[in-house]
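Spelled out from the first residue to the last, the chains are:
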Amino acid sequence: MNKKILIINGHPNRESFNFAIANAYQKGAEASGAVIRTIHIVDLDFNPNLQFGYRKRTELEQDLQLAWEDILWADHLVWVHPVWWGGLPAIMKGFIDRLFLPGMAFQYRENSLFWDKLLKGKSARIITTLDQPSWYYTLIYGSPSVNQLKKSTLQFCGISPVKVTYIGIIKTSDSIQRDKWLHKVQQLGYRQA
């Protein structure tokens, strides 16, 4: 059976290198026989603000309902995003806030500090772009965006393993370096990793 892969691109600019990265992964994965769906969060029509927190449920817009169906459908989630101020772009954070909800992605147990992980059986790959060396982002800052997405969201909900690929330094890269990165990402897609 062919692996079902969902690519989620969190960059809000359609002309960004992140779109090329998402396309390169898709091209490689399709060549390996995987079945691909793609979400470019910028194309969705939804309010990214979790207005009432978890106290009151805000109904999901149609685009979010369809995105959640894609997440449930997928065996493997590929998250593509830049690091901005150490974290995720606001639109991507809003997408996660609105979708990864109690009763959907996880469930707190009554009178307990523990929770049930409702997305077990899925794996993920984070491909994140940086304007600094990855060693510096990790050593000096502690990789906050990766900790947030990998540990505090995906693994919290049962998704494992979650692997990470850093791409950068973007701002000083030339077309030759970017082609090398796209080839690397295409190979990740081909290996369905």
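Relevant structure appears above.
Here we summarise the structure given alongside this text. (Residues numbered from 1 in each chain as written. Predicted model: local features only at pLDDT ≥ 70, side-chain atom pairs only at ≥ 80, totals over all residues. Heavy atoms only, no water.)

1. Some remarks on the overall build of the chain
In step 1: Within the chain, the regular secondary structure consists of six helices and seven strands.
In step 2: Here the C-alpha radius of gyration of the chain, 17 Å, is about what a compact globule of 193 residues would show, namely 16 Å.
In step 3: Taken along the three principal axes of its C-alpha coordinates, the chain extends 55 × 40 × 30 Å.
In step 4: By element, 50% of the accessible surface of the chain is carried by carbon and sulfur atoms, the whole surface being about 10,200 Å².
In step 5: Charged side chains in the chain number 23 positive and 16 negative. The centres of these two groups are separated by 9 Å. (Helix = DSSP H or I, 4+ residues; strand = E, 2+ residues; numbered from the N terminus. Rg over C-alpha atoms; globule rule 2.2 N^0.38 Å. Areas by Shrake-Rupley, 256 points an atom, 1.4 Å probe, with all protein chains shown as cover. Lys, Arg positive; Asp, Glu negative; His and termini not counted. Charge placed at Lys NZ, Arg CZ, Asp CG, Glu CD.)

2. Notes on the environment of Ala31
In step 1: Within the secondary structure, Ala31 sits in helix H1 (residues 17–31).
In step 2: Spatially, the C-alpha atoms of Ala31 and Val185 are 13 Å apart, while their sequence positions differ by 154 residues.

3. Description of the sheet that holds strand E6 (residues 123–129)
Backbone-to-backbone hydrogen bonds pair the strands of a sheet. The strands run either parallel or antiparallel.
In step 1: What the five strands build is an open sheet, ordered E2-E1-E3-E6-E7; its pairing is parallel. If you trace the sheet from one side to the other, it starts and ends with strand E2 (35–40) and strand E7 (162–167), each paired once. Each strand axis lies, on average, 15 degrees off the axis of its neighbour in the sheet, ignoring direction.
In step 2: Most of the contacts of helix H5 (residues 144–155) go to E7, to which it runs at about 160 degrees, and overall it touches strand E3 (76–82), E6 and E7.
In step 3: Running at roughly 165 degrees to E7, helix H6 (residues 175–190) makes contact with E6 and E7 of the sheet. (Pairing = 2+ DSSP bridges. Axes fitted to C-alpha atoms, helices over the stretch in contact; angles between N-to-C directions. Contact = heavy atoms within 4.5 Å.)

4. Looking at the nonpolar core
Taken as a class, soluble globular proteins show a tendency for nonpolar side chains to be buried jointly.
In step 1: Core analysis: the biggest nonpolar cluster contains 33 residues, and Ile71, Trp79, Phe95, Leu99, Phe100 and Leu154 have the highest contact counts within it.
In step 2: Elements with a contribution of two residues or more to this core: strand E1 (4–9), helix H2 (62–73), E3, helix H3 (90–99), E6 and H5.
In step 3: Broken down by element, the residue count for this core peaks at five residues, all from H2.
In step 4: Setting aside chain neighbours within four positions, we find Trp79 in contact with Ile8, Met92, Phe95, Ile96, Phe100, Ala124, Arg125, Ile126, Ile127, Leu149 and Leu154. (Core = buried A, V, L, I, M, F, W, Y, C linked by side-chain atoms within 4.5 Å. Buried < 20%, exposed > 50% of the residue type's maximum accessible area, 1.4 Å probe, protein only.)

5. A look at the pairing of E6
In step 1: In terms of burial, E6 is largely enclosed, as seven of its seven residues are buried.
In step 2: Of the two faces of E6, the one lined by Ser123, Arg125, Ile127 and Thr129 and the one lined by Ala124, Ile126 and Thr128 are each fully buried.
In step 3: Across six bridges, the pairing between E6 and E7 is parallel. Looking at the pairing, Thr128 lines up with Tyr166 of E7.

6. A look at the packing of H2 against H3
In step 1: Packing of H2 against H3 brings their axes to within 11 Å, and their N-to-C directions diverge by 80 degrees. With respect to their mutual orientation, H2 and H3 come out roughly perpendicular. Packed against H2, whose contacting residues are Leu64, Ala67, Trp68 and Ile71, the element H3 presents Phe95, Arg98 and Leu99 at the interface.
In step 2: Broken down by class, the residue content of the contact of H2 with H3 amounts to six nonpolar, no polar and one charged. (Parallel < 35°, antiparallel > 145°, perpendicular 65-115°, else oblique. Nonpolar A, V, L, I, M, F, W, Y, C, P; charged D, E, K, R; others polar.)

7. Remarks on the pairing of E2
Looking along a regular strand, one sees the side chains alternate between the two faces of the sheet.
In step 1: Two elements, E1 and E2, share six bridges in a ladder whose sense is parallel. Along E2, the bridge assignment pairs Ile5 with Ile36.
In step 2: Handedness of the crossover is the feature at issue here: the chain leaves E1, passes through H1, returns alongside E2, and the resulting connection is right-handed. (Right-handed = clockwise from strand over helix to strand, strands pointing away.)

8. Points about the pattern of salt bridges
In step 1: All chains considered together, the criterion is met by five salt bridges.
In step 2: A salt bridge links Asp97 to Lys93; the nearest nitrogen and oxygen atoms lie 2.7 Å apart. Here the residue Asp97 and the residue Lys93 both occupy positions in helix H3, the gap between them amounting to four residues, near one helical turn.
In step 3: Judged by relative accessible area, which is 24%, Asp97 ranks as partly exposed.
In step 4: For the salt bridge of Arg109 with Asp116, the shortest nitrogen-to-oxygen distance reads 2.9 Å. (Salt bridge = Lys/Arg side-chain N within 4 Å of Asp/Glu carboxyl O.)

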